[in-house]
Amino acid sequence: MIHELLLALSGYPGTIFTWNKRTGLQVSQDLPFLHPSETSVLNRLSKLGSDYIRFTEFIEQHTGHVHQQEHHTSQPSQTGLHGIYLRAFCTGLDSMLQPYRQALLDLEQEFLGDPHLTISHVNYKIDQFQLLFPSVMVVVETIKSQKIHGCQILETVYKHSCGGLPPVRMALEKILAVCHGVMYKQLAAWMLHGLLLDQSEEFFVKQGPSAGGAAANQEEEEEDLGLGGLSGKQLRELQDLRLIEEENMLAPSLQQFSLRTEMLPSYIPIRVAEKILFVGESVQMFENHNHSPSRAGSILKHQEDMFAAELHRLKQQPLFSLVDFENLIDRIRSTVAEHLWTLMVEESDLLEQLKIIKDFYLLGRGELYQVFIDLAQHMLKTPPTAVTEHDVNVAFQQAAHKVLLDDDNLLPLLHLTVDYQGKDSKEATVPRDGATPPQDTSPREVPPTGWAALGLTYKVQWPLHILFTPAVLEKYNVVFRYLLSVRRVQSQLQHCWALQMQRKHLKSSQTDAVKWRLRNHMAFLIDNLQYYLQVDVLESQFSQLLQQINSTRDFESIRLAHDHFLSNLLAQSFILLKPVFHCLNEILELCHNFCSLVSQSVASLDERGTAQLDILVKGFRRQSSLLFKILSSVRNHQINSDLAQLLLRLDYNKYYTQAGGTLGRQDKVIYSRGMQQN
């Protein structure tokens, strides 16, 4: 009887203790010599045997370790559970069962020495497992029912180990330590060698971009507030500083690796996971693209063995210590970040690269683009063709030579692009002359002018490509097209002024007075906008960026400062602030149309030209009034210094205010020294 019990508790049922898949081990009811109290004690012990059999079946399914007869194993797993973390859990579970097996072996030795020992003695010896087995069985059933996978197993075991029962806590902590061994091996491969050993997608780092989807924008009622077209939604956007993601301009840069946050255990903060991601990305990039090892050396400064030993030491600890873990991650990250800083700032001359970006993407070389606009105007004012891109680059090279920019190493890295067949996908571009973006543009629609399809590419040299990614350069391209649009309109207005000076000796009509007064107001607004963009935004933000780069030796700080710089450019130039950006685009379009009208009509305007001029005067009056109301409404709430700075430029002598917030009014013209262009 006792031996039958020990065999059943070891996973080998027989005739006295029978096995049922649903109810587990039970004492046979056909035994008349058992008292009901004895049956109750035996059934209580049988629950331990049932749990043990289910434990060993689970272990065998997922590791192949056999501790019982083959006919007691379950059917092949239908749950699809797999992976190295599951195998590690099974290994820890098997080690947890070892004291139970040893207790049964000791009982057998005791009964062989003293056949008169009773069932109560068995109950006493293995009573310590009555609390442990059911609690661990909850963990196993949770993994099976919820199909827990990968690092999620760490989270499941950790949560169940936080209970108040010491035997359960200690057993689950030992299992968790075994599972952590797998994580430390993956961390060592990723952080020290740039290898992502994760065939079953179990690690919290993955290859490819993050899967965070943008939330759908809710439609809001466009109630009119009586501000000349400024709706309640637009005002709320301004007052809430809700920078719109116009055409995904601020979408996260697509990276080769990203975090799989659903796999990250709760006891490892996201900040630590991001450091792990950064280190692995940097090491991986360095290993794959290091074309000159003798110059660059090891990104970990040949400390891989030391860091590997530290990770192994943490792996040997019975309990996970976040403090020790994060300290080691910080040391590795600091080593990598400092080496990258040296590589970028000192060896790759990051400051010079930023100056190139500023000169060409942000129009820092204004004289170059002034000459280029004059040379390319005739070829880009019409819809582009297959040869437009070649012609434009020839014009760009000619402009560079005219301004004595003959850097044979730099110019081959720059190339102007013209997408003459339209865009394959929606992109955030500034349309012709800053006009309002067309709605529902077909994917392959030919751009109306070459200016609308113009872009700039720059061949970034290794390792600066991790800072100037394609997504980052595309954001620079957005700013480039917008600044070039403003510069072109300013140049056209200056050309109109030259025409005015040529005709000043001729007798002028009332229409001429209206025309040149309108040009004066347009030039006033565009000149101040251009000064604001180049001085208040670009120069100010660029000087702050250089100061931050020179004050640190950490690459991550540089990347953060650069991202902040680029975001500020997009925000402070109003590209992301839809109401202001739309209004400025309309003003640029009106200025372009005015310059076209003036250039086409050398003599006084005819009746048709006068009618067009009247439409332009009314349109400019309306848009300038709207711009003033938007800027004033936000300034009154004191929430956006960028808008307030632009308003200060436009209204520094209160001319704008005295004109009722409207430029181009014909009934009352207030001339001031601030309005005079010459």
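Residues numbered from 1 in each chain as written. Predicted model: local features only at pLDDT ≥ 70, side-chain atom pairs only at ≥ 80, totals over all residues. Heavy atoms only, no water.

**Focus: the overall build of the protein**
The cut-off we apply is this: A run of H or I in DSSP becomes a helix once it reaches four residues, and a run of E becomes a strand once it reaches two; helices and strands are each numbered from the N terminus. For every residue, the accessible area obtained with a 1.4 Å probe (protein chains only) is divided by the maximum for its type, and the residue is called buried under 20%, exposed over 50%, and partly exposed between those limits. Whether two residues are in contact is decided by their heavy atoms: any pair within 4.5 Å suffices. In short, Shrake-Rupley with a 1.4 Å probe defines the accessible areas, and a residue's cover is counted only from the protein chains shown.
Looking only at helices and strands, the protein has 22 helices and eight strands in total. Across the 678 residues of the protein, 50% fall into the buried class. Considering only residue pairs separated by 6 or more positions, the protein has 76% of its internal contacts joining residues 24 or more positions apart. With the model as given, the accessible surface of the protein reaches about 32700 Å², and the carbon-plus-sulfur share is 52%.

**Section: helix α3 (residues 84-113)**
Defined as follows: Residue count minus one, scaled by 1.5 Å, sets the expected span of a helix. Note on bend: at a given residue it equals the angle between the axes fitted to the 7 residues ending there and to the 7 starting there.
When the terminal C-alpha atoms of α3 are compared, their 44 Å separation across 30 residues agrees well with the 44 Å that a helix rising 1.5 Å per residue should span. The sharpest bend along α3 comes to roughly 30 degrees, located at Gln98, with the proline Pro99 sitting one to four residues further on.

**Things to note about the nonpolar core**
Let me state the cut-off plainly: Working definition of a nonpolar core: buried Ala, Val, Leu, Ile, Met, Phe, Trp, Tyr and Cys residues. They are joined through side-chain atoms within 4.5 Å.
Residues Phe89, Phe204, Phe372 and Tyr476 are the most contacted members of the largest nonpolar core, which totals 187 residues. For Phe89, the residues in contact, after removing those within four places along its chain, are Phe58, Val139, Val140, Ile143, Ile153, Val157, Ile175 and Cys179.

**Describing the packing of α3 against helix α6 (residues 152-160)**
For the record, the criterion: Structural elements are reduced to axes, namely lines fitted to C-alpha atoms, with helices fitted over the stretch in contact, and the angle between N-to-C directions of any two is expressed from 0 to 180 degrees. The nonpolar class holds Ala, Val, Leu, Ile, Met, Phe, Trp, Tyr, Cys and Pro. Asp, Glu, Lys and Arg form the charged class, and all remaining residues, Gly among them, are polar.
At their nearest, the axes of α3 and α6 sit 9 Å apart, and the two run at 35 degrees to each other. Of the residues in α6, those in contact with Tyr85, Leu86 and Phe89 of α3 are Ile153, Leu154 and Val157. Residue composition of the contact of α3 with α6, by class: six nonpolar, no polar and no charged.

**Structural notes on the pattern of salt bridges**
What counts here: We count a salt bridge whenever a side-chain nitrogen from Lys or Arg sits within 4 Å of a carboxyl oxygen from Asp or Glu.
Overall, the coordinates contain 18 salt bridges when judged by the stated rule. For Arg553, the salt bridge is made with Glu346, and the minimal N-O distance between the two is 3.8 Å. With Arg553 in the loop between α17 (510-550) and α18 (555-572) and Glu346 in helix α12 (residues 322-347), the pair connects residues that are 207 residues apart, well separated along the chain. Each member of the salt-bridge network shares a partner with another, and the members are Arg271, Lys275, Glu326 and Asp330.

**A word on the environment of Asp305**
Its place among the elements puts Asp305 in helix α11 (residues 304-316). For Asp305, a relative accessible area of 67% corresponds to the exposed category. When the C-alpha positions of Asp305 and Leu192 are compared, they lie 8.9 Å apart, and in sequence the two are 113 residues distant.

**Examining the environment of Asp330**
Operational definition: Any pair of N or O atoms that falls within 3.5 Å is considered a polar contact. Within protein, one atom must be able to donate a hydrogen and the other to accept it, and sequence-neighbouring residues count only if both atoms are side-chain atoms.
The residue Asp330 is located in helix α12 in this model. Spatially, the C-alpha atoms of Asp330 and Val272 are 8.3 Å apart, while their sequence positions differ by 58 residues. Here the side chain of Asp330 touches Lys275 through a polar contact of 2.6 Å, side chain to side chain.

**With respect to the pairing of strand β8 (residues 454-458)**
As a reminder, the rule being used: Pairing between strands is defined by DSSP: at least two bridges between them are needed.
Burial runs high along β8: four of the five residues are buried. The sheet contact formed by strand β7 (residues 414-418) and β8 spans five bridges and is antiparallel. The partner of Leu416 across the bridge, within β8, is Leu456.

**Details of the confidence of the model for the protein**
Close inspection of predicted coordinates is inappropriate for parts of the model with low pLDDT. For the record, the criterion: The predictor's confidence in any single residue is recorded as pLDDT, a number from 0 to 100.
Across the protein, the average pLDDT comes to 75, with 73% of residues at 70 or higher. Confidence over residues 291-297 falls short of pLDDT 50; this stretch has nine contacts with residues more than four positions distant or in other chains.

**Description of the packing of aromatic side chains**
Note the cut-off: Think of it this way: a Phe, Tyr or Trp ring, Trp meaning its six-membered ring, pairs with another when their centres are within 6.5 Å, and the plane angle makes it stacked under 30 degrees, edge-to-face over 60, tilted otherwise.
Considering all chains together, one arrives at 23 aromatic pairs under this definition. Relative to Tyr267, the ring of Tyr158 has its centre 4.6 Å away and its plane inclined at 50 degrees; by these criteria the two rings are tilted. Placement of the pair is Tyr158 in helix α6 and Tyr267 in the loop between β6 (257-259) and α9 (270-289), with a sequence separation of 109 residues. Here Tyr361 and Tyr476 contribute two aromatic rings whose centre-to-centre distance is 5.8 Å and whose plane-to-plane angle is 40 degrees, an arrangement assigned as tilted.

**A look at unusual backbone geometry**
Negative phi is the rule for most residues except glycine; trans is the rule for most peptide bonds. With phi around 55 degrees, Asp349 is a residue other than glycine that occupies positive phi space. Inspection of the secondary structure puts Asp349 in the loop between α12 and α13 (350-360). Take Asp349: its relative accessible area is 38%, and that puts it in the partly exposed class. At Phe574, a residue that is not glycine, the phi angle is positive and equals roughly 70 degrees.

**Some remarks on helix α7 (residues 166-193)**
The terminal C-alpha atoms of α7 lie 39 Å apart, and with 28 residues this matches the ideal 40 Å at 1.5 Å per residue to within 8%. In the stretch just after α7, Gly194 is the one whose phi turns positive, near 70 degrees.

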